[in-house]
Amino acid sequence: MYAVCRAGVADRATVVVVMDVRRAGERYSGGDPRAGIESWHAFSFGPHYDPDNLRFGAMIACNEERLGPGAGFDEHPHSHTEIVTWVVEGELTHRDSLGRESVIRPGDVQRLSAAGGVRHVERNAGIAPLTFVQTWLAPLVPGGTPAYEVVHGIADSTPYAVPEAAALLHVRRLGAGERAAVPDAAYVYVHVVRGQVRLDEAELGAGDAARIAPAKDVEVVGVSAAEVLVWEMAAPQLP
């Protein structure tokens, strides 16, 4: 972890931007490799309990999942969680207890609002390997009615909103030398899907992530062709 200081423009205040870089190799490994399931957890998850790594802003999980052909997660429950899935390669088949079924491909965003409770199945029904990044967010208000949607072909210029968690997902696709602004926000989580980027003084590769709190006047630069997921999250609301 390291800190950099930036001068605010509007109020001329000094803002201390704290960036915590987590490498792909530091993730907790899980899943069941014998069943064709590999899971890499960025936060405390299941049997890997870490009281110092429970959440960041609204984010409570960011898992990279790899499923071999025919492999998957059998029906299991969720509640009080916003689950957002980004497919890196392959095709993800989803089916839930409300009768919805869909296939998610690279460039699509899937969101399952578990709300008061829902069960679902996630599977690689294809013949090619499947890799996806799945993020879990804590809603501002627990409970409610489950909801589901898929948005096909997310563009760099259009963030995907998860208002239930006061969060926005930005997709950044960069060529070598290209720059993109990181949103100013109380919490920003940057996950490198592919390629290499530079985030201030840090260079990040595929699977690496950075937690920035707060983020102000930060930009990401492509070292090579790269794809990056940037989560913008508001400060938690006080009771």
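Structure shown above.
Residues numbered from 1 in each chain as written. Predicted model: local features only at pLDDT ≥ 70, side-chain atom pairs only at ≥ 80, totals over all residues. Heavy atoms only, no water.

**Regarding the overall build of the protein**
- The number of helices and strands found in the protein is zero helices and 22 strands.
- In terms of C-alpha radius of gyration, the protein reaches 18 Å, essentially the compact-globule figure of 18 Å for 239 residues.
- Counting across all 239 residues of the protein, residues that qualify as buried make up 48%.
- Long-range pairs, those at least 24 residues apart, make up 70% of the contacts in the protein with a sequence separation of at least 6.
- Here the protein has roughly 11,000 Å² of accessible surface; of this, 54% comes from carbon and sulfur atoms. (Helix = DSSP H or I, 4+ residues; strand = E, 2+ residues; numbered from the N terminus. Rg over C-alpha atoms; globule rule 2.2 N^0.38 Å. Buried < 20%, exposed > 50% of the residue type's maximum accessible area, 1.4 Å probe, protein only. Contact = heavy atoms within 4.5 Å. Areas by Shrake-Rupley, 256 points an atom, 1.4 Å probe, with all protein chains shown as cover.)

**Overview of the sheet that holds strand β16 (residues 179-182)**
- With antiparallel pairing, four strands are arranged side by side in an open sheet as β16-β21-β18-β19. Edge positions in the sheet fall to β16 and β19 (202-204), since each has one partner strand and no second. Across the sheet, the mean angle separating the axes of adjacent strands is 25 degrees when strand polarity is ignored.
- Sheet analysis places strand β18 (residues 197-199) next to β19, joined by three bridges and oriented antiparallel. Paired with V197 across the bridge in β19 is L204. (Pairing = 2+ DSSP bridges. Axes fitted to C-alpha atoms, helices over the stretch in contact; angles between N-to-C directions.)

**Structural notes on the pattern of salt bridges**
- In the structure shown here, the tally under the stated rule is 17 salt bridges.
- Across the salt bridge formed by R34 and D32, the nearest N and O atoms sit 3.7 Å from each other.
- When its relative accessible area of 83% is taken as the criterion, R34 is described as exposed.
- We classify D32 as partly exposed; its relative accessible area is 30%.
- Taken together, the shared-partner salt bridges in this structure form one network comprising E82, R111, E149 and E164. (Salt bridge = Lys/Arg side-chain N within 4 Å of Asp/Glu carboxyl O.)

**Topic: the sheet that holds strand β5 (residues 59-67)**
- On the basis of which strands lie adjacent, the open sheet formed by seven strands has the order β3-β4-β5-β12-β7-β10-β13 and antiparallel pairing. In this open sheet, the two strands that pair with only one neighbour each are β3 (28-32) and β13 (147-151). Strand-to-strand twist of the sheet, defined as the mean angle between neighbouring strand axes without regard to direction, takes the value 20 degrees.
- As defined by bridge partners, strand β7 (residues 82-89) adjoins strand β10 (residues 109-113) across five bridges and the pair is classed as antiparallel. Each bridged residue has a counterpart across the sheet, and for I83 the counterpart in β10 is L112.

**Overview of the packing of aromatic side chains**
- On inspection of all chains with the given rule, the structure shows four aromatic pairs.
- Plain terms: the ring middles of F56 and Y187 are 5.1 Å apart, the flat faces sit at 90 degrees to each other, and that makes the pair edge-to-face. Here F56, found in the loop between β4 (37-41) and β5, pairs with Y187, found in strand β17 (residues 187-194); they are 131 residues apart in sequence, far enough to count as distant.
- Looking at F56, the relative accessible area reads 11%, which means it is buried.
- On the accessibility criterion, Y187 (23% relative accessible area) is partly exposed.
- Ring centres of F56 and Y189 lie 6.5 Å apart, and the angle between their planes is 50 degrees; on these two criteria the pair is classed as tilted. With F56 in the loop between β4 and β5 and Y189 in strand β17, this residue pair connects regions lying 133 residues apart in the sequence. (Phe/Tyr/Trp six-rings, centres within 6.5 Å; stacked < 30°, edge-to-face > 60°.)

**So, the side chain of H78**
- Checked against the element boundaries, H78 lands in strand β6 (residues 72-78).
- Within the structure, H78 has its side chain in polar contact with the side chain of H120 (distance 3.3 Å).
- With residues near it in sequence (within four places) discarded, H78 still touches I83, A114, G117, V118, H120 and W136. (Polar contact = N/O pair within 3.5 Å; in protein donor to acceptor, adjacent residues only side chain to side chain.)

Any link to function would need more than the numbers given here.
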